[in-house]
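# Coordinate analysis (summary)
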Amino acid sequence: GAIILWLRQDLRLSGHPALAAAARTGRPVIPLFIRDGQVDGLGAAAKWRLGQGLESFDRRLQGIGARLILRSGAPEEVLKTLRAETGACDVWWTRRYDPEGIAIDTALKESLKAEGAIGKSFPGHVMFEPWTVETKTGGYYKVYTPFWNAVKLRDVPAPEPAPKALTPPETWPESERLQEWQMGAAMDRGARVLRHYAKVGEEAALTRLGDFAQDWIGDYVKNRDLPAVPGTSGLSENLALGEISPATCWHAGRRAMEEGAAGAETFLKELVWREYAYHLMYHSPRILTANWREEWEAFPWRTDPGAPEVLAWKQGRTGVDFVDAAMRELYTTGTMHNRGRMIVASYLTKHLMTHWRIGMDWFADCLIDWDRASNAMGWQWSAGSGPDATPYFRVFNPDTQLAKFDPKGLYTRRWIAEGQGEPEEEALQFYEAIPRSWGLRPGDARPEPAITLAQGRERALEAYQSRGF
Ligand code: FAD
């Protein structure tokens, strides 16, 4: 019988253990994507980006004689129906590590078994599966550096090339139409602008990795902190949907390291931060929803998502240059430089004393590289409530950070139109992307900060100390 290959966050042909194994069997393979509750619950930008990714991946599959079958519903029901229609006995997939995903997959494996079919899962979304990395006492890692030391010398299997062909079933089952899923429906005007920035699909990802490994990795250490310089790989949006495998990135980094590229090891360390996020999510899923350090539950977080200062933060008009530039970059491009993410997260959770969950949710709505594990880890790291986090009393000063990492003001000029005689293209694109209901215009006056940087810092530190932290 045929194999149903249930695809989720693994929209690629190369470096795909499940797909490679299915191709090797010579059996017919039916690639399937299910629009389930998790897909429907995605943030606006991530959902739009997934739609683009699915379209691109279907074309890739057609290149090897296959196609992507689209169905909506609860996975167990969809699979039952499709198996009945096609006579397929087995369902294969790439493992995921979030609690809801694990629950669905485990239950599915059981029910398939009860019907005499086989549910088979494969690695591929991470290089070091969470349960394979243990401390000496058998626990999980609560600090990054020892995690890095534990994995850095491991053999990562070389990614397999894309199969040349997949055996098609005798007749292809019906597929729903992607257009009818309306994956961009929640995007308002932003999708038009995002399209300009997104690098969709496996081919784009491989090209991007090649360019990065050739031209940028050498100076990665110096450039990666400069928000105005395209000095990082930009692969997070592709990794999020599995349009490229982490192992492919890892091997490119290792090769560059062997060729003496100075920044290569730092790049590998960043890839391992992603691994670490999955390690934490798997072993301690509370990181996704609650203060990971339980004592932080007592912190007097502000929790009103509609508070004026929160709205100003979301809309990039706090009056603090670095924060506003970064928030506008987020809304316009669907990504934000890592330095910006750290600054805006620190500003929201410390200067504005607002719960990190509010920031995390806004990122989830705006990012095209949204990754649940990395987003939660990043927010709790920034807020001080997470494992291996930056201490709460270390409050980034956005102005000092700007002087250090954007001394010529290139980044702020790129993103902030107000006060510029001839604003840059990106700064104007922000106004094309935002909903009209925000009522913002490039000629608006720069807003005054709700609280000065010094006062915000003091207030946060007082709250911190008064709770006996
Ligand atoms: P590069 O510098 O080229 O790094 C290569 C890859 O390593 C990245 O693509 C990414 O997969 C991984 N990586 C790098 N830094 C980190 C990190 N700090 N944590 C985890 N993985 C990392 N990353 C996401 O992919 N999705 C998110 O939703 C996300 N939310 C974040 C929220 C906050 C508050 C913070 C502080 C960070 C967040 N990050 C997130 C991590 C990081 O900012 C991005 O991965 C990075 O900016 C992506 O750019 P790049 O692909 O050019 O990275």
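Residues numbered from 1 in each chain as written. Predicted model: local features only at pLDDT ≥ 70, side-chain atom pairs only at ≥ 80, totals over all residues.

Across its full length, the chain holds 22 helices and 5 strands. Computed over its C-alpha atoms, the radius of gyration of the chain comes to 23 Å, within 12% of the 23 Å expected for a compact globule of 469 residues. Judged by the C-alpha coordinates and their principal axes, the chain covers about 70 × 55 × 45 Å. Considering the chain as a whole, with its 469 residues, one finds that 46% of them fall into the buried category. Excluding contacts between residues fewer than 6 apart, the proportion of contacts in the chain whose partners are at least 24 apart in sequence is 77%. (Helix = DSSP H or I, 4+ residues; strand = E, 2+ residues; numbered from the N terminus. Rg over C-alpha atoms; globule rule 2.2 N^0.38 Å. Buried ≥ 20, exposed ≤ 12 C-beta atoms within 10 Å, placed from the backbone. Contact = placed C-beta atoms within 7 Å.)

Turning our eyes to something else, we now look at the site of the ligand. Near the ligand you find 27 residues, and of these Thr 232, Ser 233, Ser 236, Asn 375 and Gly 378 are the closest. For the shell around the ligand, the elements supplying multiple residues, two or more each, are α11 (236-241), α13 (264-283), α16 (338-351) and α18 (372-383). Here the shell around the ligand is built from residues that sort into 12 nonpolar, 9 polar and 6 charged. Each of domain 2 (126-158 + 189-283) and domain 3 (294-466) contributes no fewer than three residues to the shell around the ligand. (Near = placed C-beta within 6 Å. Nonpolar A, V, L, I, M, F, W, Y, C, P; charged D, E, K, R; others polar. Domains from an automatic or database assignment.)

This paragraph deals with the sheet that holds strand β2 (residues 29-35). Taken together, 5 strands build an open sheet; the order of strands is β3-β2-β1-β4-β5 and the sheet is parallel. Of all the strands in the sheet, just β3 (69-72) and β5 (118-122) have a single pairing partner and so form its edges. Strand-to-strand, the axes of this sheet are offset by a mean angle of 30°, without reference to chain direction. Contacting β4 (90-94) and β5, helix α5 (residues 99-114) runs over the sheet at an angle of about 145° to β5. (Pairing = 2+ DSSP bridges. Axes fitted to C-alpha atoms, helices over the stretch in contact; angles between N-to-C directions.)

UniProt records the feature "domain: Photolyase/cryptochrome alpha/beta" (unreviewed entry) for residues 1-127 in the present numbering. As annotated, residues 1-127 comprises 47% helix and 20% strand, and the C-alpha atoms at either end are separated by 31 Å. (UniProt positions renumbered as here; feature names shortened; annotations may be inferred.)

Attention now moves to the domain arrangement of the chain. According to the domain assignment, the chain consists of domain 1 (1-124), domain 2 (126-158 + 189-283) and domain 3 (294-466). Measuring from the centre of the C-alpha atoms in domain 1 to the corresponding centre in domain 2 gives 24 Å. Domain 1 puts 21 residues into the contact, and the matching count from domain 2 is 19 residues. For the side of domain 1 that touches domain 2, the per-class residue count stands at 8 nonpolar, 8 polar and 5 charged.

Of all 5 residues making up β4, 4 are buried, and the element is well covered by its neighbours. In the sheet, strand β1 (residues 3-7) pairs with β4 via 4 bridges, with the strands oriented parallel. The residue of β4 that forms the bridge with Leu 5 is Trp 92. In this structure, β4 lies alongside β5, joined through 5 bridges in parallel fashion. Opposite Asp 90, over in β5, you have Ile 118 as the bridge partner. In this view, the connection linking β4 to its parallel neighbour β5 by way of α5 has right-handed handedness. (Right-handed = clockwise from strand over helix to strand, strands pointing away.)

All right, on to the UniProt feature "site: Electron transfer via tryptophanyl radical" (unreviewed entry) in the chain then. According to UniProt, the "site: Electron transfer via tryptophanyl radical" (unreviewed entry) feature falls on Trp 301, Trp 356 and Trp 379. In terms of the greatest pairwise C-alpha distance, the residues named above, spread along 79 residues, form a tight cluster of at most 13.8 Å across. The topology assignment puts Trp 356 in helix α17 (residues 356-366). For Trp 356, a count of 23 C-beta atoms within 10 Å corresponds to the buried category. Contacts of Trp 356, omitting those with residues within four sequence positions, involve Thr 349, Trp 379, Gln 380, Ser 382, Ala 383 and Ser 385. Inspection of the secondary structure puts Trp 379 in helix α18. Setting aside chain neighbours within four positions, we find Trp 379 in contact with Ala 345, Trp 356, Gly 359 and Met 360.

Before going further, it helps to spend a moment on the confidence of the model for the chain. Of all residues in the chain, 100% attain a pLDDT of 70 or more, and the chain-wide mean is 97. Both scores are available for the predicted complex, with the pTM at 0.98 and the ipTM at 1.00. (pLDDT = per-residue confidence, 0-100.)

Okay, α17 next. Quick reminder: α-helices carry 3.6 residues per turn. Residues three or four places apart thus point the same way. Most of α17 is tucked away, with 8 of its 11 residues classed as buried. Along α17, the positions that sit buried rather than exposed are Trp 356, Arg 357, Ile 358, Gly 359, Met 360, Trp 362, Phe 363 and Cys 366. The inward-facing, buried residues of α17 contact α3 (44-62), α14 (308-314), α15 (321-333), α16 and α18.

Let us now look at the nonpolar core. Membership of the largest hydrophobic core comes to 124 residues, with the highest contact counts inside it found for Ile 4, Leu 5, Val 29, Leu 32, Ala 45, Met 281 and Ala 326. Per-element accounting of this core gives the leading share, 10 residues, to α13. (Core = buried A, V, L, I, M, F, W, Y, C linked by C-beta atoms within 7 Å.)

We now examine the packing of α15 against helix α19 (residues 398-405). Between α15 and α19, whose axes approach to 8 Å, the crossing angle comes to 75°. The orientation of α15 with respect to α19, classified from their angle, is roughly perpendicular. Between α15, through Asp 321, Phe 322 and Val 323, and α19, the contact on the second element is made entirely by Pro 398, Gln 401 and Leu 402. Of the residues in the contact of α15 with α19, the class split is 4 nonpolar, 1 polar and 1 charged. (Parallel < 35°, antiparallel > 145°, perpendicular 65-115°, else oblique.)

Along the chain, His 355 turns up in the loop between α16 and α17. Overall, His 355 belongs to the buried group, with 24 C-beta atoms counted inside 10 Å. Separated by 24 residues in sequence, His 355 and Trp 379 have C-alpha atoms that sit 9.7 Å apart. Contacts of His 355, omitting those with residues within four sequence positions, involve Trp 301, Arg 302 and Thr 303.

Along the chain, Lys 109 turns up in helix α5. For the pair Lys 109 and Glu 76, spaced 33 residues apart in the sequence, the C-alpha separation amounts to 9.8 Å.

Once that is clear, we can look at unusual backbone geometry. In this model, Gln 182 sits at a positive phi of 50°, which is unusual for a non-glycine residue. Considering the arrangement of structural elements, one finds Gln 182 in the loop between α7 (178-181) and α8 (190-197). Of note, Asp 388 is a non-glycine position whose phi angle comes to about 50°, a positive value. Turning to its location among the elements, Asp 388 is positioned in the loop between α18 and α19. Here Asp 388 falls in the partly exposed class, since 17 other C-beta atoms lie within 10 Å of it.

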